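A structural walkthrough
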Amino acid sequence: METYDVVVIGAGNGGLTAAATLAKAGLDVLLLERHNIPGGAATSFCRGRFEFEVALHQLSGLGTPQKPGLLRTALDRMGILDDLAFVEIPDLYHVATPDGFRLTIKPDRMQAIAALQEKFPHQKDAIQSYFDLLANFADDFIGAFIFRDPEACGEKYPHLYKNAFKPSSEILDAYFSDPLLKAILSVYWGYLGVPPTRLAFAYLAMIFFQYTEFKPFHIKGGSQALSNAILNKFLSNGGTVRFNCGAKKILVDNGKVKGVLTAADERIESSYVISNASQVSTYTELIDPQDVPDAINTEMRGRRLSTSAFTMFVGLDCEPAELGITESTNFLMANTDICDAIIDRMRKLDIEDELMVMSCYDVADPDFSPPGTCQLNIVTLKYGEPWLQIPAADYFKIKYRCAEGMLRRVEEIFPGIRAHIEEIEVATPLTHMRYLGHPAGAIYGYEQLAKDSLFFQPGRYSPIDGLFFAGGWVGDCGFEPTLRSGISAAKSIIKRMGQDRKKS
Amino acid sequence: MKTGIWQEFEGYAEIIKDIEASRKTGEKFTAERFSPEPFIRRLHPERLSLQVAEIISETPSTKTFRLIPKGGELPPFQAGQYISLFVEIGGIRTSRPYSISSSPHLREFYDITVRRVENGLVSNFLIDDLAVGDELVSSGPAGHFYFNPLIHPKSMICLAGGSGITPFMSMIREIVECGPDRSVTLFYGNKTSDDIIFHEELGQIAARSDNINYVPVIEDPADDYTGACGFMTAELITEVLGDVGGKSFFICGPRGMYDFCLPELEGLGIARRKVRQEMYGAPLNIWQYPGWPPEVKPDRLFRVKVKNGMLLEARAGEPLLVSLEKSGVVVPSLCRSGECSMCRLKILSGKVFQPAGVPVRKSDRQFGYVHSCAAYPLSDLEVLI
């Protein structure tokens, strides 16, 4: 039987950084990946002369070499910065509506305030106060959590204590009367999967802070370049990877991890497993029910699956400017009402007036697509459940119908796009389910309400001894959190091994 | 519950209540309810178990195999897509993609239509050895050669060569039998009249359908042949179509046909986005391709070491994937034309030739990954699968 110090299941962002961190520490690591390529969502695919980016819209936490963010520091420690080239995206985001409203917000506090005040002069003071709140909240958050102030209290950090758990819409309502302005300032709910009525203000404030402070980035060669770079480092540090081979079982005996049974029915011995698979399938499929403690089932019962997505990958035979696309990150907004009904629409198959994000990587990186072309990645959030009910025979028909709806909506804002489409690929929630292996295609893992945050949930830990988690099911979603989650899981294991050695 | 400063945050108590309530009312996660696998299998099964239900002789060199599922249902496909057959012939495990020639609305079976190929390992095995009742394993339907209603004009111009007719048969049968609002003008090139597959059926369909136009084109016609002759030239296309605007073009055939037809279409001013091409397998004479180093003879043998695996010999003029298969190394494969990236592997040391135009991801190139069905050894190699 083969033996490894650690088996990592899944080569998504979290699995990759976990494996690379462990291998760098000199451990003997086996990385299992059921696909033939690393990355999970952090991948790309080719159609015709285009290579489409699958998941990365704006990479956070990078900062500059002079002022590095946490992610840059982490990638540097991993030793992969020299293998990658990053492209700073000059806009925070652009908002466009079908009636011709256009606004670009720069990832700079002062410029953002000025641009908003120019468009919304009647809300001038409120805009200033709201940005003051964002800044104060971020200061409080950093003081209390990053610097771990031992004397933290409500008097010292009032903005944090008062507002962290409040729904974002409640704060926006308190500051603004203009619905469009409120909608513009809350578009990032799309990156978290929970509409502003349910999204804790801590999330909205900190994502805004992250991008304005450390700027949004893209990667040359797309997110696949990052995945390939991490895997490469893992291999050069002596790691073993097996592609086209997932895990069938995590072997548990008496509450302790004993190893893994691979899809090829090989038994691998190991005391530690990091699962980068969904937490749901880890506990309901990979581990035998008698080995799953009741506490897990109780805890999981309190969780819901996040939304999935409907995504269109579009290759155009013209430059972005020809179609009036001037920014990298565009939020297309047909309905400015940030109400709870957003969730009802997310539960329907067809696309009506949902918020969409349309990323055009070529604006900041003209080499991204071939000369004279560009690509769009257009996403709207949709729950997977209705797609599970569709008879197989109707699948293509419904997929095209929904895509037609989306395309029509994009054309209302950027007319003439359709006439330039050379390649188009549509990913439904079922597609996301197929490639991620997440139940109902949940792209963000569990739903991200305040109760689902790491303040309340076990995150990477499991009551099963030796089992850890990495990836989007652990806590926060997105590239930076999932990449860092793997490093945390690896460190937990390294620490545990150190303790075990001391004991023995 | 975890303890920390957040216990003092406004709203904390409500969240705790919320968690307690949701743990009582929430749905239990079970594999039966939440496993993605059964849903994926309905649309995109990795493998299909099939059985030959019927064998139809189309021409002296061509047979249609009607394949029914051995249990379960066949997944839906889009007319123009293919399945890849996984076979073991003379101890070699390999695969071949075949377009489905039956209409997508018939899901009791898939038809694949196979023509004998000179030295063709799998095609000739199917034609000579496959019998009714035999079992086969295939991939699920795959490929990107199909009519896309989002962008393709409904007037389809199809250029087929030889066995490249198969995806078009599926498309035409769908239009005739299910009536989507589309029209097809099919230019179908063959060496001689005897080579034409589905000639009679196409003639009948065209005769009774206003929206199907069938133009056989014979390269080497008999003396009494009265139809279109030679190649599918811009002149012929214009003569048949008149105006070439507002149409979508689809090409499927041997490589030489693309080399000839694509410039013809370009010459007619047809934008690249309006032309879809099916893949055509590995090139036969790779050493004649631009960029091939003349000092490397196609029959030269190189040693290939598979990391943590065996050492084998590989011929320069043969795709690495094929050499690996001949030595018993199974590499996942699907399109075998460089496109799908299923046979992706990493070159740890040594050099390979990759013909221009193979869609390999930028960062895969950076880190030494190749599509082994479209990579040819130019030196001894070490590879990671």
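Quick notes on the rules
Residues numbered from 1 in each chain as written. Chains lettered and ligands numbered in written order. Predicted model: local features only at pLDDT ≥ 70, side-chain atom pairs only at ≥ 80, totals over all residues. Helix = DSSP H or I, 4+ residues; strand = E, 2+ residues; numbered from the N terminus. Buried ≥ 20, exposed ≤ 12 C-beta atoms within 10 Å, placed from the backbone. Contact = placed C-beta atoms within 7 Å. Axes fitted to C-alpha atoms, helices over the stretch in contact; angles between N-to-C directions. Parallel < 35°, antiparallel > 145°, perpendicular 65-115°, else oblique. Left-handed = near helix turned anticlockwise from the far one by under 90°. Nonpolar A, V, L, I, M, F, W, Y, C, P; charged D, E, K, R; others polar. Pairing = 2+ DSSP bridges. Domains from an automatic or database assignment. Core = buried A, V, L, I, M, F, W, Y, C linked by C-beta atoms within 7 Å.

Some thoughts on the overall build of chain B
A tally of regular secondary structure across chain B gives ten helices and 19 strands. Referenced to the eigenvectors of the C-alpha coordinate spread, the extents of chain B come out at roughly 95 × 55 × 50 Å. Put simply, chain B has 385 residues, and 40% of those count as buried.

Quick notes on helix H15 (residues 429-436) of chain A
Residues and elements named next belong to chain A. Counting buried residues in H15 gives six out of eight residues, a clear majority hidden from the surface. Listed as buried for H15 are Pro429, Leu430, Thr431, His432, Met433 and Leu436. Once H15 finishes, Gly437 follows within two positions and takes phi at roughly 75°, a positive value.

Notes on the interface of chain A and chain B
On the chain B side, the residues contacting the 53 residues of chain A number 49 residues. Among the secondary structure elements, those contributing two or more residues to the side of chain A that touches chain B are strand E4 (44-47), helix H5 (158-163), helix H9 (223-236), helix H10 (279-286), helix H11 (294-301), helix H14 (395-413), strand E19 (421-427) and H15 of chain A. Counting residues per element, the side of chain A that touches chain B draws most heavily on H14 of chain A, which supplies six residues.

Things to note about the packing of helix H1 (residues 13-24) of chain A against H9 of chain A
Geometry of a packed helix pair, given as the angle between the helix axes and the separation of the axes. Residue and element names in this part refer to chain A. Across the interface, H1 lies against H9 with an axial gap of 8 Å and an inter-helix angle of 25°. With respect to H9, the axis of H1 lies roughly parallel. Where H1 crosses over H9, the two elements pack in a sense that is left-handed. Contacts from Leu16, Thr17, Ala19, Ala20 and Ala23 of H1 reach H9 at Ser227, Ile230, Leu231, Lys233 and Phe234. Grouping the constituent residues of the contact of H1 with H9 by class yields seven nonpolar, two polar and one charged.

Considering the sheet that holds strand E13 (residues 301-306) of chain B
Residues and elements named next belong to chain B. Spatial strand order, E14-E13-E19-E15-E17: five strands in an open sheet with mixed pairing. Each having just a single partner strand, strand E14 (311-315) and strand E17 (369-371) make up the two edges of the open sheet. Taken over all neighbouring pairs, the strand axes of this sheet differ in orientation by 40° on average, direction set aside. Alignment of strand E15 (residues 344-349) against E17, held across three bridges, turns out to be antiparallel. When the bridges of E17 are listed, Leu345 appears paired with Val370.

Some points on the domain arrangement of chain B
All names here are of chain B. For chain B, the assigned domains read domain 1 (41-138), domain 2 (155-277) and domain 3 (286-384). Taken together, the contacts link seven residues of domain 1 with seven residues of domain 3. Considering each element in turn, the side of domain 1 that touches domain 3 owes the most residues, six residues, to strand E4 (residues 92-99). Looking at the side of domain 1 that touches domain 3, its residues break down into two nonpolar, three polar and two charged.

Overview of the environment of Val275 of chain B
All names here are of chain B. Among the secondary structure elements, Val275 is positioned in strand E12 (residues 275-277). When the C-alpha positions of Val275 and Lys247 are compared, they lie 9.3 Å apart, and in sequence the two are 28 residues distant. The contacts of Val275, once residues within four sequence positions are left out, are Phe249, Ile251, Leu265 and Ile270.

A short note on the sheet that holds strand E8 (residues 183-190) of chain B
Residue and element names in this part refer to chain B. Strand order in the open sheet formed by six strands is E10-E9-E8-E7-E11-E12, and the pairing between neighbours is parallel. The sheet is open, and its two borders are formed by strand E10 (228-229) and E12, each paired with just one other strand. Where strand E9 (residues 212-218) and E10 come together, two bridges link them in parallel fashion. Bridge assignment links Ile218 to a residue of E10, and that residue is Cys229. Contacting strand E7 (155-161), E8, E9 and strand E11 (248-252), helix H5 (residues 166-178) crosses the sheet at an angle of about 150° to E8. Taken strand by strand, helix H6 (residues 199-208) contacts E8 and E9, and its axis lies near 140° from that of E9.

Some remarks on the domain arrangement of chain A
Residue and element names in this part refer to chain A. In terms of domain boundaries, chain A breaks down into domain 1 (2-43 + 222-302 + 449-503), domain 2 (108-213) and domain 3 (307-439). On the side of domain 2, six residues touch domain 1, which itself brings four residues to the contact. Its residues assigned to classes, the side of domain 1 that touches domain 2 comprises three nonpolar, one polar and no charged.

Examining the nonpolar core
Counting 179 residues, the largest nonpolar core has Val6, Val7, Ala19, Val29 and Ile250 of chain A as its most contacted members. The greatest single-element share of this core, amounting to nine residues, is contributed by helix H8 (residues 201-214) of chain A. Beyond its immediate chain neighbours, meaning those up to four positions away, Ala19 of chain A contacts Val8, Val29, Leu31, Phe234 and Gly239 of chain A. In this structure, Ile165, Phe198, Val217 and Met232 of chain B belong to the second largest nonpolar core, which totals 38 residues.

Focus: unusual backbone geometry
The bulk of non-glycine residues show a negative phi, and the bulk of peptide bonds are trans. Residue and element names in this part refer to chain B. At Asn119, a residue that is not glycine, the phi angle is positive and equals roughly 60°. For Asn119, the position within the fold is in the loop between strand E5 (110-115) and helix H4 (121-129). By C-beta crowding, Asn119 is classed as exposed, having 7 other C-beta atoms within 10 Å. Even without a glycine there, the phi angle at Phe198 is positive, about 65°. The residue Phe198 is located in the loop between E8 and H6 in this model.

Digging into the packing of helix H4 (residues 124-146) of chain A against H8 of chain A
Residue and element names in this part refer to chain A. Two elements in contact, H4 and H8, have axes separated by 9 Å at closest approach and are oriented at 95°. As the angle between them shows, H4 and H8 are arranged roughly perpendicular. Along the contact surface, H4 presents Leu134, Phe137, Ala138 and Phe141, while H8 presents Ala205, Met206, Phe208 and Phe209.

Comments concerning the pairing of strand E19 (residues 381-384) of chain B
All names here are of chain B. Along E19, the buried face is formed by Leu381 and Val383; none of Glu382 and Leu384, which line the opposite face, is buried. Where E15 lies against E19, three bridges are found, and the strand directions are antiparallel. Looking at the pairing, Ile347 lines up with Val383 of E19.

Some points on the environment of Gly281 of chain B
All names here are of chain B. Residue position: Gly281 is located in the loop between E12 and E13. Taking the C-alpha atoms as reference points, Gly281 and Pro254, separated by 27 residues in sequence, lie 8.7 Å from one another. If we ignore the near neighbours within four places in the chain, the residues touching Gly281 are Arg336 and Ser337.

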